[in-house]
Amino acid sequence: SYEIEREHREQALEESNARLEQFAYAASHDLQEPLRMVSSYLRLIESQYGDALDGDGEEFLEFAVDGADRMREMIDGLLAYSRVETRGDPFEPVDLETVLEDVRQDLQLQIEDTNAEITAATLPRVKGDDNQLRQVVQNLLENAITYSGDSAPRIRIDANRRKQKWVISVRDNGIGIEPEEQDRIFDIFDRLHNREEYEGTGLGLALCQRIVERHDGEIWVESEPGNGSTFSFTLPAVADRD
Ligand code: ADP
């Protein structure tokens, strides 16, 4: 019947997803070692033969180091992405106030460099994986700072209770996102904006979505080009007795 056919299709899809994830994990994991070699020999060339290089040589070496750094970021991102399910911690009550405080500290330099102003409502405790929720808040804040255009970032974080969930939102006054791009940005490796101006892996939002989904939540964006973006996600509220 139709129902059984659909179940089969879903099962096949799940299996192929699982295989794809295993592949992503194995590939990124196995790429770490040779990349470590490339990076350490580049550093060795820099320190031991740097003086012998002319201007061009120095520049080429710099390109190679930058390339290796970018690859490192991508591999780390892919590994983090494929580990969301397999290496996640069990859920416990997590105080989002503490999470935000820690993330602010991690982003201290970027906040100062850009003159970013971050204001926040009192944030609730939710049920989840502390480490992973930190990654979500950090990615969204980092993006809100990065994609701010010419004006200093003004960022507002809010929390609203909706039955058994909390809706957390991060609003910025940045460059915004075209309507037709708003779904795509959660895809793995999607990059919209000019690579020269914004460096990134395109993995951050995919990772956020994966983490939020592990928490039975949803993540979405509302945005108008030139008028800022609001990223919102839901997380399970802590039951009163927790
Ligand atoms: P990355 O920032 O590394 O490229 P992300 O997955 O975090 O990867 O974001 C994907 C894309 O979504 C970004 O390249 C950018 O084009 C867009 N984007 C994300 N956050 C914002 C934001 N706050 N304002 C405008 N564009 C954004």
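To start, this report covers the structure provided alongside it. (Residues numbered from 1 in each chain as written. Predicted model: local features only at pLDDT ≥ 70, side-chain atom pairs only at ≥ 80, totals over all residues. Heavy atoms only, no water.)

**Some words on the side chain of asparagine 139**
Positionally, asparagine 139 belongs in helix α5 (residues 130-146). On the basis of relative accessibility, which here comes to 16%, the residue asparagine 139 falls in the buried class. Residue contacts for asparagine 139: discarding those within four places in its chain leaves Gly204, Leu207 and Cys208. (Helix = DSSP H or I, 4+ residues; strand = E, 2+ residues; numbered from the N terminus. Buried < 20%, exposed > 50% of the residue type's maximum accessible area, 1.4 Å probe, protein only. Contact = heavy atoms within 4.5 Å.)

**Some points on α5**
Look at α5: 24 Å from first C-alpha to last across 17 residues, which is about the 24 Å you get at 1.5 Å a residue. Buried within α5 are the following residues: Gln132, Leu133, Val136, Val137, Asn139, Leu140, Leu141, Ala144 and Ile145. A distance of 3.2 Å separates the backbone nitrogen of asparagine 131 from a side-chain oxygen at the start of α5, and that oxygen is part of aspartate 129. (Expected span 1.5 Å × (residues − 1). Polar contact = N/O pair within 3.5 Å; in protein donor to acceptor, adjacent residues only side chain to side chain.)

**A few points about the packing of helix α3 (residues 96-106) against α5**
Axis angle and axis distance: for two packed helices, these are the angle between their axes and the distance between the axes, and together they describe the pair. Between α3 and α5, the shortest axis-to-axis distance is 9 Å and the interhelical angle comes to 55°. Relative to α5, α3 is oriented oblique. Crossing handedness for the pair α3 and α5: right-handed. Residues Val99, Leu100, Asp102, Val103 and Asp106 of α3 form the contact with α5, whose own contacting residues are Asp130, Leu133, Arg134, Val137, Gln138 and Leu141. When the residues that make up the contact of α3 with α5 are grouped by side-chain class, the tally is six nonpolar, one polar and four charged. (Axes fitted to C-alpha atoms, helices over the stretch in contact; angles between N-to-C directions. Parallel < 35°, antiparallel > 145°, perpendicular 65-115°, else oblique. Left-handed = near helix turned anticlockwise from the far one by under 90°. Nonpolar A, V, L, I, M, F, W, Y, C, P; charged D, E, K, R; others polar.)

**Describing the pairing of strand β3 (residues 125-128)**
Strand residues, when the strand is regular, have side chains that alternate between the two faces of the sheet. Across the two faces of β3 the burial differs, with Val126 and Gly128 buried and Arg125 and Lys127 not buried at all. Where strand β1 (residues 92-95) meets β3, four bridges bridge the pair, whose relative direction is antiparallel. Residue pairing across strands places glutamate 92 opposite glycine 128, the latter belonging to β3. (Pairing = 2+ DSSP bridges.)

**Here we look at the sheet that holds strand β5 (residues 165-171)**
Pairing in this open sheet of five strands is mixed, and the strands run β2-β4-β5-β7-β6 from one edge to the other. Because the sheet does not close on itself, it has two edges, and the strands there are β2 (117-120) and β6 (219-223). On average, each strand axis in the sheet is inclined to that of its neighbour by 20°, with strand direction left out of account. Relative to strand β7 (residues 229-236), β6 is paired through five bridges, and the arrangement is antiparallel.

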